[in-house]
Amino acid sequence: MGLWVSLAAVVCALAVLGGFFLARYLNDPLRTLEPFPVSKYMEGYKALAGSKFRANLRVENDLGWKEGVGRLMAFSLRDDSRPMVVMIPPSLAEIYFTKGQTYEGELEVKEGGLIYANFIRKN
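Now for a description of the structure that goes with this document. (Residues numbered from 1 in each chain as written. Predicted model: local features only at pLDDT ≥ 70, side-chain atom pairs only at ≥ 80, totals over all residues. Heavy atoms only, no water.)

### Digging into the layout of surface pockets
Here is the rule: The way it works is a 1 Å grid over only the protein atoms, where trapped points that fit a 1.4 Å probe form a cavity and open points with protein on both sides within 12 Å along at least five of seven lines form a pocket, and then any residue with an atom within 4 Å of a point lines it. Grid points are joined across faces, edges and corners, and a volume is the space filled by probe spheres set on the points. Helix and strand definitions follow DSSP, with helices as H or I runs of at least four residues and strands as E runs of at least two, each counted in order from the N terminus. Residue polarity follows a fixed list, in which Ala, Val, Leu, Ile, Met, Phe, Trp, Tyr, Cys and Pro are nonpolar, Asp, Glu, Lys and Arg are charged, and the others, Gly among them, are polar.
The computed volume of the largest pocket comes to approximately 160 Å³. Lining the largest pocket we find Pro 35, Phe 36, Val 38, Arg 54, Ala 55, Asn 56, Leu 77, Arg 78, Asp 79 and Asp 80. Residue contributions to the lining of the largest pocket peak at 3 residues, all from strand E1 (residues 52–66). When its residues are assigned to classes, the lining of the largest pocket shows 5 nonpolar, 1 polar and 4 charged.

### As for the packing of aromatic side chains
Put simply, the test is: Only rings of Phe, Tyr and Trp enter the pairing, Trp through its six-membered ring, and a pair is recorded when the two centres are within 6.5 Å. The plane angle decides the type: under 30 degrees is stacked, over 60 is edge-to-face, the rest tilted. Whether a residue is buried, partly exposed or exposed follows from its accessible area with a 1.4 Å probe, protein chains only, as a fraction of its type maximum: under 20%, in between, or over 50%, in that order. Our definition puts a charge over a ring when NZ of Lys or CZ of Arg is within 6 Å of the ring centre and also within 35 degrees of the ring normal.
Per the counting criterion, the structure on display carries 4 aromatic pairs. On the numbers, 5.6 Å between centres and 55 degrees between planes, the contact of Phe 36 with Tyr 41 is tilted. The two residues Phe 36 and Tyr 41 agree in class, both being buried. Ring plane angle 75 degrees and centroid distance 5.9 Å describe the contact between Phe 75 and Phe 97, whose orientation is recorded as edge-to-face. With Phe 75 in strand E2 (residues 70–77) and Phe 97 in the loop between strand E3 (80–88) and strand E4 (102–109), this residue pair connects regions lying 22 residues apart in the sequence. Comparing Phe 75 with Phe 97 shows no difference in burial state: the two are buried. Among the aromatic residues, those joined into a cluster by ring pairs are Phe 36, Tyr 41 and Phe 53. A cation sits over an aromatic face here: Lys 122 above Tyr 103, 5.6 Å from the ring centre.

### A closer look at the sheet that holds E1
Convention followed: Any two strands between which DSSP finds at least two bridges are classified as paired. To define axes, lines are fitted to C-alpha atoms, for helices over the stretch in contact only, and angles between the resulting N-to-C directions are given on a 0 to 180 degree scale.
Taken together, the 5 strands give a closed barrel; going around it, the order is E1-E2-E3-E5-E4, and neighbouring strands pair in mixed fashion. If you compare each strand with its neighbour and ignore which way they point, the axes differ by 50 degrees on average. Across 8 bridges, E1 lies against E2 in antiparallel orientation. Bridge pairing in E2 places Val 59 opposite Phe 75.

Everything listed here is a matter of geometry and, on its own, says nothing about what the molecule does.
Structure representation (structure tokens):
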């Protein structure tokens, strides 16, 4: 009898753990986005305007902050060392960026070709 109770407890624990990881995966806002196409963006941003992408970013430089507008940052991507300028909106102002840190985020190409971070989290 004790063996069956132990086995049932292990099965329940595994089911709960599996459910946790499945829910975490399904709730990831970046899982359905395509990777940011740096080369295509560098050739001409207009084809990407309004599109959202996933990107693994490395902090290169902080270019400045303007109240109510946001922070302008230079990042490189994991697969491409060319620097890209990204606008971090005031809604993400609580994030403290340090050169060399890596982040994962949702990027959107907006009017004029400026890249905005809609969502960003530390790796």
